Amino acid sequence: GWRMKQYAYVSVHISKFIGARLEEHREIIDGYAAKGWKYVGYLPTNISDYGKIKDMDLIFEKDV
C-alpha cells in the first residue's frame, strides 16, 4: 500500500577547498542512515555566477 514519507533536508556549504569537504558529506549520510533515513539526492540552493554549486541540501527520506 501507499505509505507516507518524511523528508529531512541538510544544508551543506561547499568551500573552494572541495577535497577537504568531501568527508563531511559522508559523515552526514552515514549518520542519517544509522537513524533509519535513506539518502535520496541533493538540490543546489546557491549557485555562483559561473555555474558552480556553492550550497546544497542533502535530502533524506524515511517511512512515517
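Presented here is a report on the structure given in the accompanying data block. In this text, all values refer to a predicted model and were calculated from it rather than measured experimentally. (Residues numbered from 1 in each chain as written. Predicted model: local features only at pLDDT ≥ 70, side-chain atom pairs only at ≥ 80, totals over all residues. Heavy atoms only, no water.)

1. Quick look at the overall build of the protein
And then number 1: Each helix and strand in the protein was counted, giving 1 helix and 3 strands.
And then number 2: Order of helices (α) and strands (β) in the protein, N terminus to C terminus: β-α-β-β.
And then number 3: Looking at the protein alone, contacts between residues at least 24 apart form 54% of all its contacts between residues at least 6 apart.
And then number 4: On the protein, roughly 5000 Å² of surface is accessible, and the fraction owed to carbon and sulfur atoms is 54%. (Helix = DSSP H or I, 4+ residues; strand = E, 2+ residues; numbered from the N terminus. Contact = heavy atoms within 4.5 Å. Areas by Shrake-Rupley, 256 points an atom, 1.4 Å probe, with all protein chains shown as cover.)

2. Side note on the pattern of salt bridges
And then number 1: By the definition in use, this model includes 3 salt bridges.
And then number 2: Across the pair Asp 63 and Arg 3 runs a salt bridge whose closest N-O atoms are separated by 3.2 Å. You can see Asp 63 sitting in strand 3 (residues 53-63) and its partner Arg 3 sitting in the segment before strand 1 (5-13), a full 60 residues away along the chain.
And then number 3: Accessibility expressed as a relative area gives 36% for Asp 63, which makes it partly exposed.
And then number 4: Of the charged contacts, one joins Asp 63 and Lys 5 as a salt bridge, the two residues approaching to 2.7 Å between their closest N and O atoms. (Salt bridge = Lys/Arg side-chain N within 4 Å of Asp/Glu carboxyl O. Buried < 20%, exposed > 50% of the residue type's maximum accessible area, 1.4 Å probe, protein only.)

3. Comments concerning the nonpolar core
And then number 1: If you look at the biggest cluster of nonpolar residues, it comprises 9 residues: Ala 8, Val 10, Val 12, Ile 14, Ile 28, Trp 37, Met 56, Leu 58 and Phe 60.
And then number 2: Looking at this core, the elements that each hand over two or more residues are strand 1 and strand 3.
And then number 3: Here Ile 28 is in contact with Val 10, Val 12, Leu 58 and Phe 60, once residues within four sequence places are set aside. (Core = buried A, V, L, I, M, F, W, Y, C linked by side-chain atoms within 4.5 Å.)

4. A short note on the sheet that holds strand 1
And then number 1: Across the sheet, 3 strands lie side by side as 1-3-2; this open sheet has antiparallel pairing. With partners counted over all chains shown, the strands left at the sheet margins are strand 1 and strand 2 (38-47), one partner each. Strand after strand, the sheet turns through a mean of 25° between neighbouring axes, direction not considered.
And then number 2: Of the strand pairs in this sheet, strand 2 and strand 3 are connected by 8 bridges, and their pairing is antiparallel. Its bridge partner being in strand 3, Tyr 39 is matched across the sheet by Phe 60. (Pairing = 2+ DSSP bridges. Axes fitted to C-alpha atoms, helices over the stretch in contact; angles between N-to-C directions.)

Nothing here speaks to function; it is geometry throughout.
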